[in-house]
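Structural description and commentary
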Amino acid sequence: MGFHLPHIRRALFAANHAPSKVVDVAKGYFAVYVGEKMKRIVIPVSYLNQPSFRELLSQVEEEFGYNHPMGGLTIPCSEKAFQHITSCLNGI
């Protein structure tokens, strides 16, 4: 059940298999890079079920694609904007 986001899956696969010195992400979570300083934020995979988060990812894909230098999923919005989006998702 659920929906399939092939571009997201590829980005997550690349992020999980790219050489990195960062700590592994717990099962059920994934890391994204946000803001000018590319802050690494670990978020629940359940966010992928939220329409507002999927819309954000669609906008990111449309404008920037998913080939990012950090090896993971980069969301080019401010940290403050991303925190606002995720705080709304936490309240659901």
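Nothing here was measured: the structure is a model prediction, and the numbers come from that model. (Residues numbered from 1 in each chain as written. Predicted model: local features only at pLDDT ≥ 70, side-chain atom pairs only at ≥ 80, totals over all residues. Heavy atoms only, no water.)

With that settled, the discussion passes to helix α3 (residues 79–90). A rise of 1.5 Å per residue sets the reference length of α3, with its twelve residues, at 16 Å; its end C-alpha atoms lie 16 Å apart and thus fit the reference within 8%. Within α3 the residues assigned to the buried category are F82, T86 and L89. Considered in projection along α3, the buried side chains sweep an arc of 50° and stay on one side of the axis. Those residues of α3 that are exposed and aimed more than 90 degrees away from the buried face are K80 and H84. On its buried face, α3 is in contact with β1 (29–34), β2 (39–44), α2 (51–64) and β3 (73–75). (Helix = DSSP H or I, 4+ residues; strand = E, 2+ residues; numbered from the N terminus. Expected span 1.5 Å × (residues − 1). Buried < 20%, exposed > 50% of the residue type's maximum accessible area, 1.4 Å probe, protein only. Arc of directions from axis to C-beta. Contact = heavy atoms within 4.5 Å.)

Put simply, the chain has an average pLDDT of 76, and 67% of its residues get 70 or more. The weakest mean pLDDT in the chain belongs to helix α1 (residues 6–17) at 47; the strongest belongs to β2 at 92. Scored below 50 in pLDDT, residues 1–17 shows 18 contacts in the model against residues more than four places distant or in partner chains. (pLDDT = per-residue confidence, 0-100.)

Ranked by size, the top nonpolar core spans 16 residues in total, and within it F30, V32, V34, I43, F53, I75 and F82 carry the most contacts. Those elements giving two or more residues to this core turn out to be β1, β2, α2, β3 and α3. (Core = buried A, V, L, I, M, F, W, Y, C linked by side-chain atoms within 4.5 Å.)

Evaluated as defined, the whole model comprises two aromatic pairs. Taking the centre distance of 6.4 Å and the plane angle of 65° together, the rings of F53 and F82 count as edge-to-face. Pair noted here: F53 is in helix α2 and F82 is in helix α3, with a separation of 29 residues, a long-range link. For the pair shown, F53 and F82 are each scored as buried. Aromatic ring contacts, followed pair by pair, group Y47, F53 and F82 into a single cluster. (Phe/Tyr/Trp six-rings, centres within 6.5 Å; stacked < 30°, edge-to-face > 60°.)

Further remarks concern the sheet that holds β2. Here three strands make up an open sheet; going across it, the order is β2-β1-β3 and the pairing mixed. Two strands close off the open sheet at either side, each with one partner strand: β2 and β3. Averaged over all pairs of adjacent strands, the angle between strand axes in this sheet comes to 40°, irrespective of strand direction. Contacts between α2 and the sheet are confined to β1, β2 and β3, with β3 contributing the most and set at about 95° to the helix. Contacts between α3 and the sheet are confined to β1, β2 and β3, with β2 contributing the most and set at about 10° to the helix. (Pairing = 2+ DSSP bridges. Axes fitted to C-alpha atoms, helices over the stretch in contact; angles between N-to-C directions.)

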